Amino acid sequence: MSDGEQTQKRSPQYTQGYRAATKDAIDWLHRRAAEMNDPKARDVLNSAAFSYGQERASDKPTRG
């Protein structure tokens, strides 16, 4: 069962908290990347944040 399917069965408050935590994780990765002096390390963290966001977005149930 994907995260999207799990959150679909939860309360609106749970879903809102889950989304907020996901955004916080992505923001944290971007902030750590901004602190890096090594451009490759910065690229890796920014790429990880982007990939994580894309993965979470694809788990969202579609509205129909």
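See the structure shown above.
Residues numbered from 1 in each chain as written. Predicted model: local features only at pLDDT ≥ 70, side-chain atom pairs only at ≥ 80, totals over all residues. Heavy atoms only, no water.

What to know about the overall build of the chain
In terms of helices and strands, the chain carries three helices and zero strands. If you list the helices and strands of the chain from N to C, you get α-α-α. Here the chain holds 64 residues, and the buried ones make up 17% of them. For the chain, long-range pairs separated by at least 24 residues make up 43% of all intrachain contacts whose partners lie at least 6 apart in sequence. By element, 52% of the accessible surface of the chain is carried by carbon and sulfur atoms, the whole surface being about 5,100 Å². (Helix = DSSP H or I, 4+ residues; strand = E, 2+ residues; numbered from the N terminus. Buried < 20%, exposed > 50% of the residue type's maximum accessible area, 1.4 Å probe, protein only. Contact = heavy atoms within 4.5 Å. Areas by Shrake-Rupley, 256 points an atom, 1.4 Å probe, with all protein chains shown as cover.)

Points about the pattern of salt bridges
Enumeration according to the criterion identifies two salt bridges in this entry. Ionic pairing is found between E35 and R32, a salt bridge with its closest N-O pair at 3.0 Å. With E35 and R32 both in helix α2 (residues 12–35) and three residues apart, the pair spans about one turn of that helix. Classification of E35 by relative accessible area gives exposed; the value is 53%. Under the relative-accessibility criterion, R32 is labelled partly exposed at 23%. (Salt bridge = Lys/Arg side-chain N within 4 Å of Asp/Glu carboxyl O.)

Describing α2
Here α2 is 24 residues long and its end C-alpha atoms lie 35 Å apart, about the 34 Å a rise of 1.5 Å per residue gives. For α2, every residue scored as buried is listed here: T15, T22, I26, L29 and A33. (Expected span 1.5 Å × (residues − 1).)

Focus on the nonpolar core
The nonpolar side chains of soluble globular proteins are, as a tendency, buried together. Core analysis: the biggest nonpolar cluster contains five residues, these being I26, L29, A33, L45 and A49. When residues of this core are traced back to their parent elements, those giving at least two are α2 and α3 (39–58). At three residues, α2 tops the list of elements feeding residues into this core. Not counting residues within four places of it along the chain, the set of residues in contact with A33 comprises R42, L45 and N46. (Core = buried A, V, L, I, M, F, W, Y, C linked by side-chain atoms within 4.5 Å.)

A closer look at α3
A rise of 1.5 Å per residue sets the reference length of α3, with its 20 residues, at 28 Å; its end C-alpha atoms lie 28 Å apart and thus fit the reference within 8%. Listed in full, the buried residues belonging to α3 are L45, A49, G53 and R56. What you see down the axis of α3 is that its buried residues fit within an arc of 70°, all on one side. Structural note: α3 exposes K40, D43, V44, F50 and S58 on the side pointing more than 90 degrees away from its buried face. At the N-terminal boundary of α3, the capping side chain belongs to D38, with an oxygen 3.0 Å from the backbone nitrogen of K40. (Arc of directions from axis to C-beta. Polar contact = N/O pair within 3.5 Å; in protein donor to acceptor, adjacent residues only side chain to side chain.)

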